[in-house]
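# Per-entry structural report
Below, each chain spelled out in residue letters.
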Amino acid sequence: MAAVAHAPASADSRTSAGPRRTRAPRWRKALRYAALVIVLLIMIGPFLWQLSTSLKGTTEDIYTSPPRLLPEHPTFANYRGVADIIPVWDFILNSVKVALSNVLTNVVGAAMAGYALSRLRFKGRGAAGIVFVLALLVPMEAIMLAQFATMRSLELNNTLVAVVLPGCIGAMNVLLMRNAFDNIPYEIEEAAIVDGAHVWQRFTRIALPAVKGTLAVVAIFSFMGAWDDFLWPLIVLSDSDHFTLTVGLNFLQGTFSNNQRVVAAGTIIAVAPLIVMFACLQRFFFRGVGEGAVKG
């Protein structure tokens, strides 16, 4: 019998046999990009409007219709006006003190607490984790009176310490750090134990370098929370020399309620440090989502 030669399958037959990848219709892609543009405008639109208003002079109508985003004659006089009305630099210094203290206490305290919940074996560890989860369910307004009474009994009222103390270690930050430490393979620490490393060495030399991204996330959240906080500093502070920036800017609205240009300039001054900080730490911030992976 003559050997029958089998011809190789044609390209068309191989293509038809394999899975076909259907491209999304163009209208669906256009709709997706349109939705992203709308969300972007909703998110940054108010900020751009405030920035535009802060740069407009007194000769420009900020309520014109249709509204104009670009000022005709940009000026920084409104920013100088903020400094003329309130001691803005003193308020900024107070806010920096509070925010940096909050970042330091949260990064150190949350990292140590998260490592203890993740790696150490002690009686009541499960109950401690549940307590941190339940702490997230309690609104700040529900415990504010108790916190104020505590600060008054400690004679810390009208001090920046009273502003920092209630939020020095956040429950959410502790849970974030615990989750990051849980993602580190325990075999690495077992090898360190065999080499004679004690708990503090394992924490500082092995665990912390592996969770830099989550530490950046905790630092950003702590800074933003302390910098933007308005209600608690307003309650616990009574001397204007200790006011933070968010509380001090409230005088702009009360004194010059019709001068929205100065109010907008004060808003930009308050938001600018947050933008700068996030721009500097965004690389670590997005890396913190997949924290704990081992690099070869």
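This structure is a prediction, so every number in the text was calculated from the model and none was measured.

### Observations concerning the overall build of the protein
Each helix and strand in the protein was counted, giving 15 helices and zero strands. Across the 296 residues of the protein, 33% fall into the buried class. Partitioning the intrachain contacts of the protein with sequence separation of at least 6 by distance along the chain shows that 73% fall at a separation of at least 24.

### Considering the side chain of S118
Here S118 lies in helix α4 (residues 88-119). For S118, a relative accessible area of 7% corresponds to the buried category. One polar contact links S118 to D182, side chain to side chain, over a distance of 2.5 Å. Those residues in contact with S118, other than ones at most four positions away along the chain, are R125, R178, F181 and D182.

### Here's the deal with the confidence of the model for the protein
Predicted confidence across the protein gives a mean pLDDT of 83, with 86% of residues reaching 70 or more. Considering only residues more than four positions removed or in separate chains, one finds that residues 1-7, a stretch of pLDDT under 50, has zero contacts.

### Digging into unusual backbone geometry
With phi around 60°, E155 is a residue other than glycine that occupies positive phi space. Looking at where E155 falls in the secondary structure, it is placed in the loop between α6 (140-153) and α7 (160-164). The exposure class of E155 is exposed, given its relative accessible area of 72%. A positive phi angle, near 65°, is found at N158, a position not held by glycine. Locating N158 in the fold gives a position in the loop between α6 and α7.

### Quick word on the environment of I269
Within the secondary structure layout, I269 lies in helix α15 (residues 260-287). Along the primary structure I269 and V82 are separated by 187 residues, whereas in three dimensions their C-alpha atoms are 9.3 Å apart. The contacts of I269, once residues within four sequence positions are left out, are Y79, V82, V88, I92 and L245.

### Overview of the layout of surface pockets
Approximately 730 Å³ is the volume found for the largest pocket. Here the lining of the largest pocket is built from residues that sort into 18 nonpolar, eight polar and one charged.

### Digging into the nonpolar core
Core analysis: the biggest nonpolar cluster contains 37 residues, and V82, W227 and L245 have the highest contact counts within it. Among the elements that line this core, the one with the most residues is α15, at eight residues. Core analysis: the second largest hydrophobic core is formed by 14 residues, A110, M177, F203 and V211 among them.

### Examining the packing of α4 against helix α11 (residues 212-228)
Between α4 and α11, the shortest axis-to-axis distance is 8 Å and the interhelical angle comes to 145°. You can see that α4 and α11 cross each other, and the crossing is right-handed. Touching I92, S95, V96, V98, A99, L100, N102, V103, N106, V107 and A111 of α4 are L215, V218, A219, S222, F223, A226 and W227, all from α11. Taken together, the residues that form the contact of α4 with α11 break down as 14 nonpolar, four polar and no charged.

### Focus: the packing of helix α5 (residues 125-135) against helix α8 (residues 171-182)
As a packed pair, α5 and α8 sit with axes 8 Å apart at the nearest point and diverge in direction by 130°. Classified by the angle their axes make, α5 and α8 are oblique. Note on packing geometry: the crossing formed by α5 with α8 is left-handed. Across the interface between the two elements, G129, F132, V133 and A135 of α5 pack against A171, V174, L175 and R178 of α8. Class assignment for the residues of the contact of α5 with α8 results in six nonpolar, one polar and one charged.

### So, the pattern of salt bridges
One pass over the full model with this rule turns up three salt bridges. When the shortest N-O distance is used, the salt bridge between E72 and R68 registers 3.4 Å. Under the relative-accessibility criterion, E72 is labelled partly exposed at 47%. Relative accessible area serves as the criterion here: at 36%, R68 is assigned to the partly exposed category. One salt bridge in this structure joins E189 and R119, with 3.0 Å as the shortest N-O distance. Of this pair, E189 sits in helix α9 (residues 186-194) while R119 is found in helix α4, placing the two residues 70 residues apart along the sequence. The residues E189 and R119 share a single accessibility class, namely buried.

Cut-offs applied
Residues numbered from 1 in each chain as written. Predicted model: local features only at pLDDT ≥ 70, side-chain atom pairs only at ≥ 80, totals over all residues. Heavy atoms only, no water. Helix = DSSP H or I, 4+ residues; strand = E, 2+ residues; numbered from the N terminus. Buried < 20%, exposed > 50% of the residue type's maximum accessible area, 1.4 Å probe, protein only. Contact = heavy atoms within 4.5 Å. Polar contact = N/O pair within 3.5 Å; in protein donor to acceptor, adjacent residues only side chain to side chain. pLDDT = per-residue confidence, 0-100. 1 Å grid on protein atoms, 1.4 Å probe; cavity = no way out; pocket = protein on both sides within 12 Å on 5 of 7 lines; lining within 4 Å. Points joined across faces, edges and corners; volume = space filled by probe spheres on them. Nonpolar A, V, L, I, M, F, W, Y, C, P; charged D, E, K, R; others polar. Core = buried A, V, L, I, M, F, W, Y, C linked by side-chain atoms within 4.5 Å. Axes fitted to C-alpha atoms, helices over the stretch in contact; angles between N-to-C directions. Left-handed = near helix turned anticlockwise from the far one by under 90°. Parallel < 35°, antiparallel > 145°, perpendicular 65-115°, else oblique. Salt bridge = Lys/Arg side-chain N within 4 Å of Asp/Glu carboxyl O.

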